[in-house]
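Observations on the three-dimensional arrangement
What follows is each chain in one-letter form.
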Amino acid sequence: MKRITTAFLIGLMVAPAAANEPEVLGVNVTRNGDGSYRFDVTVRHDDTGWDHYADKWEILGPGGAVLATRVLLHPHETEQPFTRSLPNVRLPAGLTKVTIRAHDKVHGYGERTFTVELR
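As the structure is a computational prediction, the values presented were derived from the model and not from experiment.

Before going further, it helps to spend a moment on the pattern of salt bridges. For the structure shown, the criterion picks out seven salt bridges. In this structure, Glu58 engages Lys56 in a salt bridge whose closest nitrogen and oxygen atoms are separated by 3.4 Å. Among the residues examined, Glu58 registers a relative accessible area of 4% and is labelled buried. Ionic contacts of the salt-bridge type, sharing partners, join the residues Glu23, Arg44 and Arg112 into one network.

Okay, here's the thing in structure tokens:
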């Protein structure tokens with residue numbers, strides 16, 4: 001595996017997102033030998049239980065096209081921020097950067113996204 005992009009945990013000390021929206025704090029991208037990618041994404045959200053928690057994050061391409069989604073199946077009330085991975089992501093050839101955004105069950109998509117360059 002070749003580590004291609006590391007942008008990690010900037011903003012941990014920043015004030016919480018407005019209206020308790022989910023925030024993407026950091027992304028670590030690794031390019032695998034077969035050309036696929038592994039994304040390790042760190043999210044912060046004040047999960048309060050099953051009715052209000054960060055329930056997914058997405059990888060976006062040009063024009064906001066959703067290229068991949070990591071579904072989060074349960075709240076992370078006692079683990080904040082938390083990091084979850086999505087391996088074996090196939091991206092279109094020639095793509096040079098992607099944006100990661102997080103979503104919660106109440107507010108939808110958070111304003112704090114994270115863009116990473118692919119090399």
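Moving on, we come to the confidence of the model for the chain. The predicted model of the chain averages 85 in pLDDT, with 84% of residues at 70 or higher. Low pLDDT, under 50, characterises residues 5-19; the predicted model gives this stretch 35 contacts beyond four residues in sequence or across chains.

The topology assignment puts Trp50 in the loop between β3 (37-44) and β4 (54-60). Given a relative accessible area of 56%, Trp50 falls into the exposed group. It is 9.6 Å that separates the C-alpha atoms of Trp50 and Leu73, two residues lying 23 residues apart in sequence. Apart from the residues lying within four places of it in its own chain, the contact partners of Trp50 are Leu73, His74, Pro75 and Lys105.

About the criteria used
Residues numbered from 1 in each chain as written. Predicted model: local features only at pLDDT ≥ 70, side-chain atom pairs only at ≥ 80, totals over all residues. Heavy atoms only, no water. Salt bridge = Lys/Arg side-chain N within 4 Å of Asp/Glu carboxyl O. Buried < 20%, exposed > 50% of the residue type's maximum accessible area, 1.4 Å probe, protein only. pLDDT = per-residue confidence, 0-100. Contact = heavy atoms within 4.5 Å. Helix = DSSP H or I, 4+ residues; strand = E, 2+ residues; numbered from the N terminus.

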